[in-house]
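Remarks on the overall topology
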Amino acid sequence: MVERSLRVKVAGLRLENPLLLASGIVGVTVDSLTRAIESGAGGAVSKSIGLEPREGYRNPTLVATDSGLVNAVGLSNPGARVFSEELAAVKGRRLPIVVSIFGGGPAEFGRVVEMLDGNEFLAYELNLSCPHVEGVGTEIGHDPEVAASVVRSVRSRTKKPVFAKLSANTHRMVDVAKAAVDSGADGLTAINTMRAMTIEVETRRPTLSHKFGGLSGTSIRPIAIARIYELYQAFKVPIIGCGGVSTWEHAVEMLLAGASSVEVGTALYNGYGVFSDINQGITNYMVRKRFKKVQEMVGLGHKF
Amino acid sequence: MVERSLRVKVAGLRLENPLLLASGIVGVTVDSLTRAIESGAGGAVSKSIGLEPREGYRNPTLVATDSGLVNAVGLSNPGARVFSEELAAVKGRRLPIVVSIFGGGPAEFGRVVEMLDGNEFLAYELNLSCPHVEGVGTEIGHDPEVAASVVRSVRSRTKKPVFAKLSANTHRMVDVAKAAVDSGADGLTAINTMRAMTIEVETRRPTLSHKFGGLSGTSIRPIAIARIYELYQAFKVPIIGCGGVSTWEHAVEMLLAGASSVEVGTALYNGYGVFSDINQGITNYMVRKRFKKVQEMVGLGHKF
Amino acid sequence: MVKNVRETRDISTVFFVDPECSTARPGQFVMVWEPGFDEFPMSLSNYDAKGVSSVTVKPWGPGSGALVGARRGEVIGIRGPYGRPFTVEKCGALLVGGGTGLAPLLPLAKALVKAGAHVTVVLGGRSKSDILFEKQFRRVVKRKNLFITTDDGSHGRPGYPTDLAEELVRERNVTRVYTCGPEVMMRKAYDISDRAGIEYEASLERSMKCGIGICGSCTVGRNLLCRDGAVLDAKALKASLEEFGLLQRDASGRYIKV
Amino acid sequence: MVKNVRETRDISTVFFVDPECSTARPGQFVMVWEPGFDEFPMSLSNYDAKGVSSVTVKPWGPGSGALVGARRGEVIGIRGPYGRPFTVEKCGALLVGGGTGLAPLLPLAKALVKAGAHVTVVLGGRSKSDILFEKQFRRVVKRKNLFITTDDGSHGRPGYPTDLAEELVRERNVTRVYTCGPEVMMRKAYDISDRAGIEYEASLERSMKCGIGICGSCTVGRNLLCRDGAVLDAKALKASLEEFGLLQRDASGRYIKV
Ligand SMILES: Cc1cc2nc3c(=O)[nH]c(=O)nc-3n(C[C@H](O)[C@H](O)[C@H](O)COP(=O)(O)OP(=O)(O)OC[C@H]3O[C@@H](n4cnc5c(N)ncnc54)[C@H](O)[C@@H]3O)c2cc1C
Ligand SMILES: Cc1cc2nc3c(=O)[nH]c(=O)nc-3n(C[C@H](O)[C@H](O)[C@H](O)COP(=O)(O)OP(=O)(O)OC[C@H]3O[C@@H](n4cnc5c(N)ncnc54)[C@H](O)[C@@H]3O)c2cc1C
Ligand SMILES: Cc1cc2nc3c(=O)[nH]c(=O)nc-3n(C[C@H](O)[C@H](O)[C@H](O)COP(=O)(O)O)c2cc1C
Ligand SMILES: Cc1cc2nc3c(=O)[nH]c(=O)nc-3n(C[C@H](O)[C@H](O)[C@H](O)COP(=O)(O)O)c2cc1C
Ligand code: FES
Ligand code: FES
């Protein structure tokens with residue numbers, strides 16, 4: 001068998017392969033992030049961490065439908081102080097962890113960074129795009145000016161690379177991205193879940209306790225591909241693709257659209273083996289199509 | 001078997017049942033609209049008709065993926081003059097046809113109405129939301145002011161009910177809806193397709209000739225449900241639900257979210273029988289749950 | 001794409017491998033995507049249990065032109081097989097085809113013979129060098145059951161294939177006419193069958209976008225050709241006689257002459 | 001919901017019909033949705049080929065409280081069965097359970113007996129009126145293999161079920177301990193098995209949001225309890241001894257005492 005390195009460099013991050021665990025999927029604890037990495041992910045993004053501990057919404061917080069997964073977990077997280085301690089405990093192990101953070105505005109984002117920044121991790125992903133938590137979600141991600149001030153606040157407090165995670169629930173995504181990039185974001189992550197709801201017909205109730213949630217999984221991939229394609233046309237900074245990837249074809253499709261690396265979330269439904277399966281598929285494809293590096297594939301869908 | 005009437009009244013439209021054929025699905029010709037009605041649809045919305053004939057984009061214009069259907073047909077249509085002649089030919093048959101129209105701005109919408117209005121049909125649906133045709137699609141549907149002027153232009157030229165069809169690609173959907181309602185729209189249709197793209201990995205090309213298209217089918221239903229729920233909270237005018245309905249459960253879910261009637265599009269993939277199947281399912285549900293009229297179910301998901 | 005065989009002056013058969021086509025039946029079509037050019041429907045002219053299949057194509061636009069020029073190893077997209085096939089049963093079958101319309105008639109002839117039908121075939125073309133699949137049909141039906149007509153008389157009988165078909169319907173025990181080719185020819189064959197009171201199936205052609213019953217671009221009356229056809233029988237066509245052989249919808253949905 | 005059976009002072013068994021549960025195996029759980037209140041994991045205490053199934057529940061929050069009060073005909077949502085079941089094979093089995101932890105042990109006992117295992121059961125409870133499923137277990141195992149302990153000595157042997165378990169491990173040919181109940185008890189049983197060098201499986205409990213390996217709320221070390229458990233064996237638990245029986249994560253992900 002021909003060997004291929006899957007190594008990628010994304011805004012200074014060196015990853016063994018282009019796959020990352022997406023934020024909020026199993027990665028509430030450093031143990032879970034580690035398991036994803038040991039299962040073959042090039043990196044792992046933590047659950048979004050806020051200033052204070054949050055229990056999130058009452059169950060049901062997730063519902064699997066024939067249209068994909070709809071969730072309103074409600075940004076449950078142990079808070080920046082506790083998570084900082086968890087990170088401190090794995091110091092020296094050089095785990096390729098990206099920490100996702102959220103907050104109610106620039107000041108709160110800044111304080112979260114101050115509490116976490118001393119630890120060993122690769123980068124920040126700013127969750128500007130949770131579609132179902134009032135005050136910390138889309139209010140920030142749909143408004144270019146607020147997004148800019150959040151990115152500036154984070155930028156001034158860390159030397160680590162900063163990725164802004166975008167929402168496709170707005171037609172202004174490219175404007176928000178521009179604000180983030182102009183304010184110092186090193187890269188963009190697209191996309192978060194799509195605002196959604198399901199109603200259960202026997203009980204006639206919205207299924208989720210929070211009623212509104214976010215749609216993820218296969219259903220949203222064509223939306224993600226379109227948004228990544230638009231971002232690649234508009235910006236030079238690297239893009240982390242996210243949304244509905246569960247096979248190597250999906251991952252390659254996202255690279256071709258312009259993503260430099262690819263997050264996998266809902267597909268964890270099929271177990272941690274998804275990372276090595278996808279990597280194997282990408283390797284086979286590269287051999288067959290004679291690509292030497294993953295980077296060569298990035299954005300190739302724009303050639304035509 | 002217990003009998004149940006499925007009759008509904010939606011902004012003055014009297015329909016035999018709450019199902020409508022969605023715009024752009026088979027309904028390019030009056031023959032096809034008629035077949036949908038005879039197959040059990042309470043009404044049928046035509047392909048969107050513009051001022052001039054349009055051939056649409058080159059093939060491929062549709063691609064079926066594991067995430068649903070992505071299309072960029074490009075608003076192909078025979079033009080208002082020809083379509084008006086087709087409508088004139090069925091005069092007196094009292095077919096429950098809704099005519100969807102599009103245009104580049106208020107003046108163009110107005111002229112289309114002038115050409116069509118003399119014919120016998122139930123109502124207009126204004127396509128303010130095609131996600132993949134430049135100049136006549138989302139430029140109109142994402143901007144409340146433009147939407148308002150389009151609705152005013154149509155309103156002043158017809159006595160027939162007018163429905164504004166909305167896009168979920170923007171976080172401003174409710175603002176656009178408000179502009180439409182304040183300008184005289186009798187009802188709202190939600191949602192159109194979601195902006196999307198697919199790239200084929202063997203050839204590395206965007207699959208559609210137009211590259212960008214719109215996602216429809218099961219994948220988008222939870223997005224549609226959320227938007228319909230929001231509209232029902234905000235407005236008194238009736239809502240026609242649309243997006244990913246293929247079973248009676250889906251249709252009931254949409255009624256519970258607040259839709260007064262339900263359009264079926266991509267599910268025609270399974271043939272015209274979908275209308276009678278869904279109607280049968282709704283009837284059984286009504287019997288089981290002791291509903292006497294469809295109207296009783298509308299918006300029940302808001303009770304909790 | 002595995003092979004490209006030149007059949008006549010301007011018609012080529014393009015072979016490819018697609019496992020899903022192994023389940024094809026005579027008269028079904030596929031949507032062929034020629035990347036960067038177009039996507040269009042094509043009748044299957046061959047298919048086997050392993051999915052080795054072919055379409056037989058005459059260049060008429062950028063897509064089919066590119067397909068005819070396609071080289072071994074090139075990637076083309078195939079969706080399908082789609083559509084309602086011809087009826088295959090023991091009967092007195094008369095196949096009347098012209099031009100690339102012979103494509104779906106070749107697998108049909110094979111299937112009918114296998115089903116024990118008595119099969120007579122008329123191959124039509126403008127001139128000797130336009131006659132398609134003569135060799136292939138000879139392998140399937142007996143010499144006395146294979147007829148050729150050319151408009152210019154350069155091969156077989158001079159005249160239209162439908163002229164000969166009319167004679168054959170009179171002289172032989174024909175219970176069903178199967179036809180594919182120019183729509184004017186198929187309409188003539190319809191009128192012949194109608195007068196003779198025998199069954200009739202034709203594979204029509206319309207502008208197709210989706211191939212799966214969604215877009216509505218392929219209507220013949222109330223029928224969607226991609227789902228209810230491409231093979232339509234006399235009953236389906238009877239409702240569209242003001243259209244069949246005369247009018248079709250262009251890509252915008254307006255009627256134009258066929 | 002088809003039936004609600006009061007088992008003890010505060011524990012009820014709620015029967016329902018769910019065809020998917022007909023494929024359940026001992027130790028698997030379902031997510032029970034009590035509309036308007038909560039959704040929570042529950043071990044299956046009964047299931048049959050027709051999908052008639054049950055969970056046995058002690059009210060501890062709004063959801064389980066509502067479930068215990070649920071009446072015949074009420075609609076509850078059931079997802080599952082989920083999770084890794086207990087190992088069912090011919091062995092020397094000792095089942096140690098307390099409180100509603102006996103729920104998954106009942107179908108396990110039945111399955112083990114069927115598989116030819118030698119099955120001994122210890123039922124624990126605070127007091128006589130807390131002992132669950134005594135009658136049901138009597139139907140499955142012989143009198144001499146069924147033991148009862150109560151903390152207050154009001155029924156069976158006074159003391160903890162684990163005290164008795166330790167004796168039984170010494171006296172009988174026990175090759176695997178199966179346990180479910182309060183985590184402190186299960187940890188004790190783990191230590192006993194570990195010292196005796198025999199196999200061990202426990203069904204743990206953690207806060208669960210999704211039940212399908214997505215949300216990460218149910219971690220025990222690197223294991224997701226909903227997928228890798230709820231039944232974990234000694235090997236899986238050995239890596240989490242600083243946690244097992246001592247700490248668990250609350251809904252925010254912080255450690256709290258079990
Ligand atoms: C179901 C179906 C499937 C098709 N599949 C394919 C395909 O796979 N590939 C492809 O390239 N094309 C296909 N076509 C296109 C179709 O074959 C062409 O429209 C047809 O062949 C005419 O094109 P031509 O230039 O070859 O024929 P022409 O050269 O115009 O004529 C061919 C023959 O038809 C006879 N004919 C012509 N006009 C008349 C008339 N007025 N009355 C009676 N007979 C007449 C001629 O005498 C001659 O014998 C398909 C068509 C149909 C209906
Ligand atoms: C896999 C799993 C599935 C579960 N499924 C359900 C379910 O379906 N329904 C439900 O309501 N709950 C369920 N639970 C919840 C669980 O049963 C409770 O946590 C447990 O029963 C304690 O609650 P209790 O109040 O009944 O027990 P308690 O009354 O506190 O104690 C029960 C028994 O455990 C013994 N015990 C108590 N403390 C100790 C100790 N320190 N050392 C040794 N023994 C001790 C007592 O002596 C007594 O015999 C499940 C738990 C697990 C692990
Ligand atoms: C249960 C769940 C929790 C999530 N939590 C977060 C989160 O905390 N922060 C965040 O940025 N994205 C969160 N997401 C979004 C995912 O990171 C990802 O953007 C989305 O699920 C689309 O990718 P997928 O289709 O591969 O899952 C969550 C998604 C799910 C399903
Ligand atoms: C092939 C195709 C063509 C469409 N054309 C139109 C159109 O012309 N006008 C319009 O308002 N919507 C059009 N739509 C959108 C549908 O009317 C509908 O809003 C959308 O497909 C979601 O519903 P569904 O999931 O039931 O298909 C089209 C959709 C498809 C799939
Ligand atoms: S080709 Fe689209 S409906 Fe037939
Ligand atoms: S409950 Fe969500 S991962 Fe286990």
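Treat the numbers as computed from the prediction; the structure is a model and nothing was measured.

**Overview of the overall build of chain A**
Summing up its helical and strand segments, chain A has nine helices and 16 strands in all. By the compact-globule yardstick of 19 Å for 304 residues, chain A fits well, its C-alpha radius of gyration being 18 Å. Counting only C-alpha atoms, chain A reaches 50 × 50 × 35 Å along its principal axes. For chain A, the proportion of its 304 residues judged to be buried stands at 69%. Restricting to contacts in chain A with at least 6 residues of sequence separation, those with at least 24 account for 71%. On chain A, roughly 10,000 Å² of surface is accessible, and the fraction owed to carbon and sulfur atoms is 48%. Treating the 34 positive side-chain charges of chain A as one cloud and the 29 negative ones as another, the clouds have centres 5 Å apart.

**With respect to the environment of A:Arg58**
Take A:Arg58: it is sitting in the loop between strand E4 (43-45) and strand E5 (62-65). The class of A:Arg58 is partly exposed, set by a relative accessible area of 41%. In this structure the C-alpha to C-alpha distance between A:Arg58 and A:Gly214, which are 156 residues apart in sequence, comes to 16 Å. Residue contacts for A:Arg58: discarding those within four places in its chain leaves A:Ser209, D:Gly36, D:Phe37 and D:Asp38.

**Structural notes on the interface of chain A and chain D**
Between chain A and chain D, the contact holds 40 residues from the first and 30 residues from the second. For the pair chain A and chain D, the summed buried surface comes to about 2,800 Å²; carbon and sulfur atoms form 55% of the total. It is A:Arg35, A:Asn59 and A:Leu62 that lose the most area in chain A upon contact with chain D, and together they represent 20% of the buried surface on that side. At the junction of chain A and chain D, the tally comes to three salt bridges. A:Arg35 is the salt-bridge partner of D:Asp228, the closest N and O atoms lying 2.8 Å from each other. For the pair chain A and chain D, the interface holds 11 residue pairs in polar contact (both at pLDDT 80 or more). At the level of elements, helix H1 (30-38), helix H2 (80-88) and strand E13 (205-206) of chain A are the ones that each hand at least two residues to the side of chain A that touches chain D. The element best represented in the side of chain A that touches chain D is H1(A), accounting for five residues.

**Description of the nonpolar core**
Grouped together as the largest cluster of nonpolar side chains are 297 residues, with contacts concentrated most on A:Ile101, A:Leu116, A:Leu126, A:Leu188, B:Ile101, B:Leu116 and B:Leu126. Contact partners of A:Leu188, with chain neighbours within four places excluded, come to A:Phe163, A:Ala164, A:Leu166, A:Ala177, A:Ala180, A:Val181, A:Leu231, A:Phe235, A:Val237, A:Pro238, A:Ile239 and A:Ile240.

**Quick notes on the relation of the copies chain B and chain A**
When chain B is fitted to chain A, the best match, at an RMSD of 0.0 Å, comes from turning it 180° and sliding it 0.0 Å along the axis. As the rotation angle and translation indicate, the two copies are arranged about a two-fold axis. A symmetric contact is evident, with 98% of the interface residues of chain B recurring at the interface of chain A.

**Regarding the pattern of salt bridges**
Where charged atoms from two side chains of opposite charge approach closely, those side chains can pair. Overall, the coordinates contain 54 salt bridges over all chains when judged by the stated rule. A salt bridge links D:Arg249 to A:Glu86; its shortest N-O distance comes to 2.3 Å. Of the two residues, D:Arg249 sits in strand E16 (residues 247-249) while A:Glu86 sits in helix H2, which places them in two different chains. A salt bridge links C:Glu89 to C:Arg176, with the shortest nitrogen-to-oxygen separation between them at 3.0 Å.

**Let's talk about unusual backbone geometry**
Put simply, A:Asn59 and A:Pro60 share a cis peptide bond, and its omega is -5°. Within the element layout of this structure, A:Pro60 appears in the loop between E4 and E5. Backbone torsion omega between A:Ala190 and A:Ile191 reads 10°, so that peptide bond is classified as cis. By the secondary structure assignment, A:Ile191 is in the loop between strand E10 (187-190) and strand E11 (194-196). Even without being a glycine, A:Leu75 presents a positive backbone phi close to 55°. Among the secondary structure elements, A:Leu75 is positioned in the loop between strand E6 (68-71) and H2. Judged by relative accessible area, A:Leu75 falls into the buried class, the value being 5%. Within the chain, D:Phe133 stands out as a residue other than glycine whose phi angle is a positive 60°. Here D:Phe133 is to be found in the loop between strand E8 (118-125) and helix H3 (134-140). By relative accessible area, which is 3% here, D:Phe133 ends up buried.

**Considerations on the interface of chain B and chain A**
Counting residues at the interface gives 51 residues for chain B, matched by 50 residues for chain A. Across the chain B to chain A interface the summed buried area is about 4,200 Å²; carbon plus sulfur atoms make up 59%. Viewed at the interface, chain A and chain B are joined by eight salt bridges. Taking the shortest distance from any N to any O, the salt bridge between B:Glu230 and A:Arg195 comes out at 2.6 Å. Taken together, the links from chain B to chain A amount to 26 residue pairs in polar contact (both at pLDDT 80 or more).

**So, the site of ligand 3**
Of all residues adjacent to ligand 3, which total 25 residues, the nearest are A:Ser23, A:Ser48, A:Lys165, A:Gly244 and A:Thr266. With respect to ligand 3, the chains having nearby residues are chains A and D. In the model, an oxygen atom of ligand 3 is placed 2.8 Å from a nitrogen or oxygen of the A:Lys165 side chain. Between an oxygen atom of ligand 3 and a side-chain N or O atom of A:Asn192, the distance comes to 3.5 Å. Calculation on ligand 3 without its partners gives an accessible area of 600 Å², and the protein chains cover 97% of this total. Across the shell around ligand 3, the residue classes tally to 10 nonpolar, 13 polar and two charged.

**Topic: the site of ligand 4**
If you check the shell around ligand 4, you find 25 residues, and the closest are B:Ser23, B:Ser48, B:Lys165, B:Gly244 and B:Thr266. More than one chain reaches ligand 4: its neighbouring residues belong to chains B and C. Contact distances for ligand 4 include 3.2 Å between an oxygen atom and a side-chain N or O atom of B:Lys47. One of the backbone N or O atoms of B:Ile191 is found 3.2 Å from an oxygen atom in ligand 4. Calculation on ligand 4 without its partners gives an accessible area of 610 Å², and the protein chains cover 98% of this total. Under a 2 Å grid-point criterion requiring more than half of the atoms, the pocket assigned to ligand 4 is the largest cavity.

**Describing the side chain of B:Thr266**
Mapped onto the elements, B:Thr266 comes out in the loop between strand E16 (261-264) and helix H9 (274-289). Look at B:Thr266 and you get buried, because its relative accessible area is 18%. Separated by 2.7 Å, the side chains of B:Thr266 and B:Ser216 make a polar contact. Every residue in contact with B:Thr266, bar those within four places of it in the chain, is listed here: B:Ile25, B:Leu69, B:Ser216, B:Gly217 and C:Ile214.

**With respect to the arrangement of the chains**
Contacts between protein chains span three pairs of chains, and they are most numerous for chains A and B. At the level of C-alpha atoms, the two units chain B and chain D stay apart, their nearest approach being 8 Å. Of all C-alpha pairs spanning chain C and chain D, none lies closer than 33 Å, and the two are not in contact.

**Comments concerning a nonpolar patch on the surface**
A surface patch of nonpolar side chains, amounting to about 200 Å² of accessible area, comprises C:Val2, C:Val17 and C:Val52. Take C:Val17: it is sitting in strand E2 (residues 12-17).

**Overview of empty space enclosed by the protein**
The final tally for this structure, using the stated rule, is three cavities of 30 Å³ or more. Within this model, the largest cavity holds a volume of roughly 430 Å³. Taken together, 33 residues line the largest cavity, and the ones lying closest to its centre are B:Ser23, B:Ile25, B:Asn71, B:Asn192 and B:Thr193. For the lining of the largest cavity, the secondary structure elements donating two or more residues are strand E6 (68-71), strand E14 (213-216) and E16 of chain B. Split into classes, the residues belonging to the lining of the largest cavity amount to 15 nonpolar, 15 polar and three charged. A volume near 90 Å³ is recorded for the second largest cavity. As for the second largest cavity, its lining consists of 15 residues, of which A:Val28, D:Lys209, D:Cys215, D:Gly216 and D:Ser217 are closest to the centre.

Analysis parameters
- Residues numbered from 1 in each chain as written.
- Chains lettered and ligands numbered in written order.
- Predicted model: local features only at pLDDT ≥ 70, side-chain atom pairs only at ≥ 80, totals over all residues.
- Heavy atoms only, no water.
- Helix = DSSP H or I, 4+ residues; strand = E, 2+ residues; numbered from the N terminus.
- Rg over C-alpha atoms; globule rule 2.2 N^0.38 Å.
- Buried < 20%, exposed > 50% of the residue type's maximum accessible area, 1.4 Å probe, protein only.
- Contact = heavy atoms within 4.5 Å.
- Areas by Shrake-Rupley, 256 points an atom, 1.4 Å probe, with all protein chains shown as cover.
- Lys, Arg positive; Asp, Glu negative; His and termini not counted.
- Charge placed at Lys NZ, Arg CZ, Asp CG, Glu CD.
- Buried area = accessible area lost by both parts, 1.4 Å probe.
- Salt bridge = Lys/Arg side-chain N within 4 Å of Asp/Glu carboxyl O.
- Polar contact = N/O pair within 3.5 Å; in protein donor to acceptor, adjacent residues only side chain to side chain.
- Core = buried A, V, L, I, M, F, W, Y, C linked by side-chain atoms within 4.5 Å.
- Least-squares fit on C-alpha atoms with pLDDT ≥ 70 in both.
- Near = heavy atom within 4 Å.
- Nonpolar A, V, L, I, M, F, W, Y, C, P; charged D, E, K, R; others polar.
- 1 Å grid on protein atoms, 1.4 Å probe; cavity = no way out; pocket = protein on both sides within 12 Å on 5 of 7 lines; lining within 4 Å.
- Sits in = over half its atoms within 2 Å of the grid points.
- Patch = residues over 30% accessible without salt bridge, like charges linked within 9 Å, V, L, I, M, F, W, Y side chains within 5 Å.
- Points joined across faces, edges and corners; volume = space filled by probe spheres on them.

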